[in-house]
Amino acid sequence: MNKIRKKKNRKMLKVLHAEDSKSNARKSRQMVFISFRGKDTRHGFTGNLYNALMDKGIHTFIDDNDLERGDEITASLIKAIENSRIFVPVFSMNYASSSFCLDELVHIINCFKEKSRLVLPIFYGVDPTHVRYQTGSYGEELTKHEEWLQDDKERLKQWKLALNQAANLSGFHFSPGQRYEYKFIGEIVEYISKKIHRDPLHVANYPVGLHSRLQQVILLLDKESHEKVHMVGLYGAGGMGKSTLAKAIYNFVADQFDGLCFLDNVRENSTPNNLKHLQEELLLKTIGLDIKLGSVSYGIPIIKERLQRKKILLILDDVDKLEQLQALAGELDWFGHGSRVIITTRDKHLLTNHEIKSTYEVDGLNEKDALELLRWMAFKNNTIHPSYEDILNRVVTYASGLPLALEVVGSNLYRKDIQEWISLLDEYERIPNRDIQEILLVSFNNLSEYQQNVFLDIACCFKGYSLKEVENILSAHYGFCMKYQIGVLIDKSLIKIHEFKYVTLHNLIEMMGKEIVRKESVIEPGEHSRLWFYNDIVHVLSENTGSNRINIIHLDCPSIEVVIDLNGKALEKMKNLKTLIIKRGCFFKGSMHFPLNLRVFKWQTYHSECIPSNLFNKIFTNMKILKFDNCKYLTDIPDVSSLSNLEIFSFKYCENLITIHNSIGFLNKLKFLNAKGCDKIMSFPPLKLTSLKKLRINGCESLQNFPEILDKMEYIETISIDGTSIEGFPASFENLTGLVDVSILGKGFFTLPSTICEIPNLSTIWYRSKQTLLLRENGKMSSSVSSNVTDVNLQNSNISDECLPILLKWFANVKELNLSKNNFKILPKCLKECRLLQKLELNDCKSLEEIRGTPPNLKYFSALQCESLKPSTKSMLLNQQVHEAGETAFHFPSVGNEMIPKWFEHQSKGGISFWFRNRIPSIAIFFSTKKEYECISNYSIRLDVRLFVNDYEWIQPLPYLPPSSSFWTDGKILVNHTNVLELKLLKRINYVRFHYQIEEKRKLISKLNEAFIKNEWIQMKLELRVSGYLDVYEWISLTKFGIHVLKEKNNMEDIKFSNPNRKRKLDEYLNTSLSLLHPLLKKHKFVEMEVFEKELIEQPQHSLASLLGRLQIWVVSFLPLNILSVCLFCLLYHFILDDYVSCFIFLIFFTISYYFSFT
């Protein structure tokens, strides 16, 4: 596979170089390649077409003129095809009779796919549908080929596919005698001439890394039907190579279109007065219309009217405003069928605004490609002296994959020695290169003032922070929500959000932002708006050179032992300082005087027992965020009543914190309180936090009581008390009226009060521990009251049989219930009252014996390893009424030698196959497994689904299977278990997890749609196979399979459990065989022969088998001399029908006949 991939990549690079280089273009020996059947058209149509093209100066290849004598035709032909730009297959009456022509066509179609070459089919005296579907003369000739290609069916398959694909392309159709042939040839020559005289665009001197990008965009361009108009957007940061990629795409696909237009630098060329000139250029390049437009409004209807019947390739490069798109490519219906519009931009939101759904992010080069491009730019060669390797790697790290930076730095270092390389790179790391800066600054200059400030904040101080924290800090800093501004930066590719929700940005874009701030004052850092460089901060604080310009200080000391000699009034002098973040470091010398405008104060690893007193001596009305996380010496949280507007207060992982002042419970603006991991806190002050949304006290191991709730708290959303010593909730817990999620994980006993049911918004309770859960009912609670909780997880909570009815009454509206790893024996009848319950998990409930009812809407049921379940319960779970509506998935231990339920009409062992057409069917499947050796511990297997579509095989593991247990991975099935579920094949096909599966998925869907259109039968096979180490020892799992077709969801005529294709071929074979037997039967004067003939004609096809059965008896009775051949005939018949008993009988007859025939 690697060799094939490398070969394809080399081909793609070769194409890119060839398209870009005139010298390579001259090496091409011909422009047009004509494929034809010599005896049909050589001395007529094809010869005249060849002469007409050559007279026009279009170098054309046909096989009896350009090949030099003595050349091996196959090698020469392939070379001629590879060097051609346009292919003209002439489909005549006898074209398909030539295997040479068909092989030639396969190579042509490969060039069409891999190099996007133009294929212009000519249908000369034949119906295009005969070529497309291989009917008429084409069907006859391919049938003849099939007879001698028994050992090379793949070659025949390629021929058929090539014919179908070629016939689906736009071309010319000519019927001799209905028009003048010379006029028809003139039209073809004129069309080809326009294509040939298109000049390619210059792409790049060194198109490194383009091939993979080009392939991805071509896939997007082909995503829609060739009959539809499709727009594709390319977006990314400046200097990433969007324009270069767009030019490569233009050269690669241009021959497929009737009109071409590449409008570069739209941003620069589309001032209000120049936008109409771009419209004029578009009309001139695509249809040759030279017109002067009065305004943009005049141009729009003209573009739409003139281009809506033309297949156009339009590329708009570097678009930055919506009005440009509205003027040049406003709607899809502006262009003819099959048109493609490609837009490059730095602003992803612009594409979203124009409703362009197919987009591709042009990202940086990988390390390998970056090194190769740098070598070409710096040495004009890909092979260099080993002494340069280290400095090359340093440049690659500096450029971080940005092609622009690699080209600029590489060209500046051309023919320089290593010391010069080091010197220049040192300079670039201090002060960025001006050429690179100018390109990157374009995006920055297009931002609003607030957006520019937010970008500079992130570039200088918050790279690597979580997105949520950046949003919180900047919202507090500026006084309003900054989500929109951050979103704009993401859309313009200035920042990125890592998959784990961390903010990052390209190294050179980060340097650009820092350089903008540095230029605010080249000499004195105290005049900067933001301070982040350690030496600058030490200088400003110790020398007291700060100013009102400083808004943010972000100090990350090189060591936690650093001592800074602080000038006491250095901070107080910074009147506009709003955010102060100290990640590490101690101020032992001098006191700290904080400015009153401070809004965000975060000090991580603070080295004192108390928070600085100066922070509470004044009233900080603007303070929004206060964080003292990971301060291992902090023992006391003092009076914080002076911070009346505080919204976020965090002191998590302060391992020696003991006391918290009661004032913390009365901060009515506080939204987030985080005391996570404070091991020594034993009590928490009472809370009256009317604005609180999240409370984190998980990990406080010594905390014994949940805090009292003094008033209604309607905004609270989540509470986690995992890892505490809390043994229950107080009665005031019901005051948490806004509570949505509760998470409990502890030790010992935990008491859950019935008042929890009265919390209106509570939806999720997760209780994960080895604690014993106790329920405490409130005497005043109505027996009819039940909570709105929809998700309850009570794993491993020692729930007793007495508690279960109470629990199910409390949570009667639950939708997902997990009671795994508990010891109760009976799931009571009141489970039926949980009418909304859809998912029930009882895994590893070893004592569970009986389930006395199933909820009406239960869809997912898992009782893995529940080996005490009674047969009556298992029978109830297999009731047809439970599964008939579909969407179910049930998994539980097998009884042993249980029978497949009768309602599974089709049953088998080891695997099962069926055929469908027109649509993917909805079916329920049953399968149970059993270990062959009882001494082997339990193991898992996997169910594979195989689809066969016209010899194309697709394999995927079955979806919607539970984890076998805590010891097995998702998607595996435990042996000794029964499984009943609906086969959700369509969902599985649409689910693509890995990038490499996308093309396979597209191929499968295409083949399925093609089969559905042709009403062809598709085979599906389900089979179990052992996974893991058991493959080595071949331990076998005995499997029972059953299938039930869900009648409400399917057309029963479209599903078969015997091969319908084999049946059709069998009928043809029998008709042929009977016609051969007909004279033989008459020779022996059958009395009933005429009656038999009449029956055979009058009976429908499905009775053919029964008539043949009668024929077998007659022939065996009256033709002893031919009994050997008859036995062979009957043996074949029953083998095809999978009737192996009859096969065995006729095999005995054959053996006896064979013996007597030769004795």
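As a reminder, the structure under discussion sits directly above these lines.
Model, not experiment: these values are computed from the prediction.

## Observations regarding the pattern of salt bridges
Evaluation of the coordinates by the stated rule reveals 29 salt bridges. Between Arg85 and Asp255 there is a salt bridge whose closest N-O contact spans 3.2 Å. Note that Arg85 is positioned in the loop between helix 5 (73-82) and strand 3 (86-91) and Asp255 in the loop between helix 12 (242-253) and strand 8 (259-263), a separation of 170 residues in sequence. Residue classification places Arg85 among the buried positions, given a relative accessible area of 15%. Relative accessible area serves as the criterion here: at 6%, Asp255 is assigned to the buried category. By sharing partners, the salt bridges in this structure join Arg267, Glu268 and Asp318 into a single network.

## Structural notes on helix 20 (residues 403-412)
Counting buried residues along helix 20, seven of its 10 residues qualify, which places the element largely inside the surrounding structure. For helix 20, the set of buried residues is Pro403, Leu404, Ala405, Leu406, Val408, Val409 and Gly410.

## Here we look at the packing of aromatic side chains
Under the defined criterion, the tally for this structure stands at 39 aromatic pairs. Seen in terms of ring centroids, Tyr398 and Tyr428 are 6.3 Å apart; in terms of plane orientation they differ by 20°. Their pairing is stacked. Highlighted residues: Tyr398 in helix 19 (residues 389-399) and Tyr428 in helix 21 (residues 418-430), separated in sequence by 30 residues. Taking relative accessible area as the criterion, Tyr428 reaches 6% and is therefore assigned buried. Centroid distance Phe914 to Phe1057: 5.6 Å. Interplanar angle 35°. Geometry classified as tilted. Taken as a pair, Phe914 in strand 39 (residues 911-916) and Phe1057 in the loop between strand 47 (1055-1056) and helix 35 (1060-1083) lie far apart in primary sequence, 143 residues in all.

## Some details on a positive patch on the surface
Together, Lys468, Lys483, Lys671, Lys693 and Lys694 line one region of the surface with positive charge. By the secondary structure assignment, Lys468 is in helix 24 (residues 467-478).

## So, the nonpolar core
Core analysis: the biggest nonpolar cluster contains 116 residues, and Phe601, Phe651, Phe706 and Leu842 have the highest contact counts within it. Here this core takes five residues from helix 29 (residues 803-810), the largest share from any one element. Residue contacts for Phe706: discarding those within four places in its chain leaves Leu695, Ile697, Ile719, Ile721, Ile726, Gly728, Phe729, Pro730, Phe733 and Leu736.

## Some remarks on the pairing of strand 7 (residues 230-235)
Among the six residues of strand 7, six are classified as buried, and the element is accordingly described as predominantly covered. The alternating pattern of strand 7 places His230, Val232 and Leu234 on one face and Met231, Gly233 and Tyr235 on the opposite face, and all of these are buried. Looking at chain direction, strand 7 and strand 10 (residues 340-345) are connected through six bridges and run parallel. If you follow Gly233 over to strand 10, its bridge partner there is Ile343. Across four bridges, the pairing between strand 7 and strand 11 (residues 358-361) is parallel. Bridging from a neighbouring strand, Gly233 pairs with Thr359 of strand 11.

## Comments concerning the sheet that holds strand 11
On the basis of which strands lie adjacent, the open sheet formed by five strands has the order 8-9-10-7-11 and parallel pairing. One side of each edge strand has no neighbouring strand; the edge strands of this open sheet are strand 8 and strand 11. Taken pair by pair, the neighbouring strands of this sheet meet at an average axis angle of 15°, ignoring direction. In the packing of helix 12 onto the sheet, contacts are made with strand 7, strand 8, strand 9 (312-319), strand 10 and strand 11, and the angle to strand 8 comes to roughly 170°. Strands strand 8 and strand 9 of the sheet are contacted by helix 14 (residues 275-287), whose axis makes an angle of about 145° with strand 8.

## Section: the pairing of strand 27 (residues 741-744)
Pairing analysis gives three bridges linking strand 26 (residues 718-720) to strand 27, with the strands arranged parallel. The residue of strand 27 that forms the bridge with Ser720 is Ser743. Note that strand 27 and strand 29 (residues 764-767) share four bridges and pair parallel. The residue of strand 29 that forms the bridge with Ile744 is Tyr767.

## Quick word on helix 29
Here helix 29 has its buried residues at Cys803, Leu804, Leu807, Leu808 and Trp810. Down the axis of helix 29, the buried set is contained in an arc of 160°. They therefore lie on one face. Residues of helix 29 that are buried sit in contact with strand 28 (749-753), strand 30 (772-776), strand 32 (816-818) and strand 33 (826-827).

## Quick word on the packing of helix 19 against helix 26 (residues 507-518)
Interhelical geometry of helix 19 versus helix 26 gives an angle of 65° and a closest axis separation of 7 Å. Here helix 19 is positioned roughly perpendicular relative to helix 26, judged by the angle of their axes. Residues Thr397, Tyr398 and Ala399 of helix 19 pack against Asn507, Leu508 and Met511 of helix 26. Residue classes in the contact of helix 19 with helix 26 are distributed as four nonpolar, two polar and no charged.

Quick notes on the rules
- Residues numbered from 1 in each chain as written.
- Predicted model: local features only at pLDDT ≥ 70, side-chain atom pairs only at ≥ 80, totals over all residues.
- Heavy atoms only, no water.
- Salt bridge = Lys/Arg side-chain N within 4 Å of Asp/Glu carboxyl O.
- Helix = DSSP H or I, 4+ residues; strand = E, 2+ residues; numbered from the N terminus.
- Buried < 20%, exposed > 50% of the residue type's maximum accessible area, 1.4 Å probe, protein only.
- Phe/Tyr/Trp six-rings, centres within 6.5 Å; stacked < 30°, edge-to-face > 60°.
- Patch = residues over 30% accessible without salt bridge, like charges linked within 9 Å, V, L, I, M, F, W, Y side chains within 5 Å.
- Areas by Shrake-Rupley, 256 points an atom, 1.4 Å probe, with all protein chains shown as cover.
- Lys, Arg positive; Asp, Glu negative; His and termini not counted.
- Charge placed at Lys NZ, Arg CZ, Asp CG, Glu CD.
- Core = buried A, V, L, I, M, F, W, Y, C linked by side-chain atoms within 4.5 Å.
- Contact = heavy atoms within 4.5 Å.
- Pairing = 2+ DSSP bridges.
- Axes fitted to C-alpha atoms, helices over the stretch in contact; angles between N-to-C directions.
- Arc of directions from axis to C-beta.
- Parallel < 35°, antiparallel > 145°, perpendicular 65-115°, else oblique.
- Nonpolar A, V, L, I, M, F, W, Y, C, P; charged D, E, K, R; others polar.

Geometric values such as these leave the question of function open.
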